Amino acid sequence: AMESGVAQSQITDWDLYHDQLLQKIGKDEKLMNRIFSRARQNPKRIVLAEGEHFKILKAAQTIVDEGIGIPVLLGNKEKIRKMSHEYMIDLSGCEIINPMEEREKRYSFGEKFYKKRQRKGITPDEAKKMMRDRNYFGAMMVDEGEADCFITGLTKDYATSIKPALQVIGVAPGTKKVAGMYIILNKKGPYFFADTTVNENPNAEELAELIGLTANAVRFFDFTPRIAVLSYSNFGSSKGVVPEKSAIATRIAKEKFPELVIEGDIQANIALNTKLQQENYPFSALAQEGANTFIFPDLAAGNICYKLLQEIGEAETIGPILMGMRKPVHILQLGSSIREIVNMAAIAVVDTQNHTFNQQI
Ligand code: ACO
């Protein structure tokens, strides 16, 4: 009864939202509009690991309607068909795979996974058993080229959802740490925030690498990054771990990426306010045009900031976009909306087309 209660509230939510959703996707948001049209030019196979979830099924239908990809739903076929019938979701154009029915595939994936992880303390038996987990099975599908990109995370915490992808697919060549970016869209926006989801306390070197990944991702959306490395200080005005880390990261990043506009250590309001900079810090690289890209000193700052904007700032947000993986993988925020899932699918498809997020600049 509880389950149908939850589903009921979801369907109401969806009904109210449905027309708006289809109208809004690719229309109101110029930024996503470009992504959707690029995705349509060469749709890709998207593994959706949480195929038994109502929102994933609705997202899959929308992905097909929008012509941006072929959803590969992982889960129990009967259960999924029953749900699609009950909620009148048209799943033609989607594939459904139940890892539990794919014994041979699980065994061959298990063997391959064992070879990758044999020196990480697992046995062949364990490796095969792990392939019952849709996050491992789905990541192996993408790793083996049986699908192009991978989306999960709607129903589990971020850390649990990202680990299989890190173990199976791993980082792109030349990248040490993957990281997450959020786009904040409002009247003044878009603004790009990183790292909002992965690395708890990156050091200055890691922040500099993150700046490269993020700059690349901002360009993917056809914007020129103007980067603020955030702190609670401006150019050494306070002492402390964060001001020093942000200043060092800025210095390293400026050497590494001389073509980029980067400034730090800098406070968030100053980075946005050109007048205050011209009065007080006229030398700042952001004094003429304020920042559109914000690098946070640690995960707590980045994660808390975007969530506050999401809830009280009434900002439209897109993400979390995972940067630095060897193949396109995105881990949804727990409880993402259908529209957020479809947005991430479109981004993953375009990422597959030109391998953007797995490249350092
Ligand atoms: N980039 C690349 N590889 C990584 C990273 C990273 N940032 N972090 C870990 N790895 C690698 C590890 O080196 C390891 O490789 P190995 O097993 O081959 O040696 C592999 O990924 C798996 O690592 P684990 O040891 O299983 O995981 P770890 O304990 O390192 O945790 C994790 C990684 C889960 C990302 C951790 O850093 C974490 O919990 N981060 C915070 C996640 C979070 O809670 N975010 C906030 C909420 S998200 C939201 O609000 C939407």
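The rules behind each value
Residues numbered from 1 in each chain as written. Predicted model: local features only at pLDDT ≥ 70, side-chain atom pairs only at ≥ 80, totals over all residues. Heavy atoms only, no water. Pairing = 2+ DSSP bridges. Helix = DSSP H or I, 4+ residues; strand = E, 2+ residues; numbered from the N terminus. Axes fitted to C-alpha atoms, helices over the stretch in contact; angles between N-to-C directions. Contact = heavy atoms within 4.5 Å. Near = heavy atom within 4 Å. Polar contact = N/O pair within 3.5 Å; in protein donor to acceptor, adjacent residues only side chain to side chain. Areas by Shrake-Rupley, 256 points an atom, 1.4 Å probe, with all protein chains shown as cover. Nonpolar A, V, L, I, M, F, W, Y, C, P; charged D, E, K, R; others polar. Phe/Tyr/Trp six-rings, centres within 6.5 Å; stacked < 30°, edge-to-face > 60°. Buried < 20%, exposed > 50% of the residue type's maximum accessible area, 1.4 Å probe, protein only. Salt bridge = Lys/Arg side-chain N within 4 Å of Asp/Glu carboxyl O.

Asker: Let's hear about the sheet that holds strand 5 (residues 179–185): which residues, and what values?
Answerer: The strand order 8-7-9-6-5-10 describes an open sheet built from 6 strands, whose pairing is mixed. Strands at the two margins of the open sheet, each flanked by one partner only, are strand 8 (261–266) and strand 10 (316–323). Put simply, the sheet's adjacent strands are angled 20° from each other on average, direction ignored. In the sheet, strand 5 pairs with strand 6 (residues 191–194) via 4 bridges, with the strands oriented antiparallel. Bridge pairing links Ile184 to Tyr191 in strand 6. Here helix 10 (residues 241–256) sits on the sheet in contact with strand 7 (226–230) and strand 8, set at roughly 165° to strand 8.

Asker: An account of the site of the ligand is requested, with residue identities and associated values reported.
Answerer: As a matter of local geometry, the ligand sits amid 20 residues, with Arg117, Lys120, Val178, Thr197 and Asn199 nearest to it. Within the side chain of Arg117, a nitrogen or oxygen atom sits 2.7 Å from an oxygen atom of the ligand. In this structure, Asn199 approaches the ligand through a side-chain N or O atom, which is 2.7 Å from a nitrogen atom. Protein chains shield 65% of the accessible area of the ligand, which is 990 Å² for the free molecule. Every element with two or more residues in the shell around the ligand is listed here: helix 8 (158–168) and helix 13 (299–312). Here the shell around the ligand takes 6 residues from helix 8, the largest share from any one element. In terms of residue class, the shell around the ligand is built from 9 nonpolar, 5 polar and 6 charged.

Asker: Can you break down the packing of aromatic side chains residue by residue, with the values?
Answerer: Working definition: an aromatic ring pair is given by the centre-to-centre distance plus the angle between the planes. In the structure shown here, the tally under the stated rule is 13 aromatic pairs. Taking the centre distance of 6.1 Å and the plane angle of 55° together, the rings of Tyr191 and Phe294 count as tilted. With a gap of 103 residues between them, Tyr191 in strand 6 and Phe294 in strand 9 (residues 293–295) connect regions that are remote in the sequence. Classification of Phe294 by relative accessible area gives buried; the value is 4%. The interplanar angle of 55° and the centroid separation of 5.1 Å between the aromatic rings of Phe235 and Tyr281 together place this pair among those described as tilted.

Asker: Could you give an account of the pattern of salt bridges, with specific residues and numbers?
Answerer: On inspection of all chains with the given rule, the structure shows 16 salt bridges. The residue Lys77 makes a salt bridge to Glu101 at a minimum N-O spacing of 3.3 Å. Taken together, the residues span a long stretch of sequence, with Lys77 in helix 4 (residues 77–86) and Glu101 in the loop between strand 3 (95–97) and helix 5 (103–117) at a distance of 24 residues. Taking relative accessible area as the criterion, Lys77 reaches 22% and is therefore assigned partly exposed. With its nearest N and O atoms 2.9 Å apart, the salt bridge here joins Lys105 to Glu146. Residue Lys105 is found in helix 5, and its partner Glu146 is found in the loop between helix 7 (134–143) and strand 4 (149–152); the two are separated by 41 residues along the sequence.

Nothing here speaks to function; it is all geometry.
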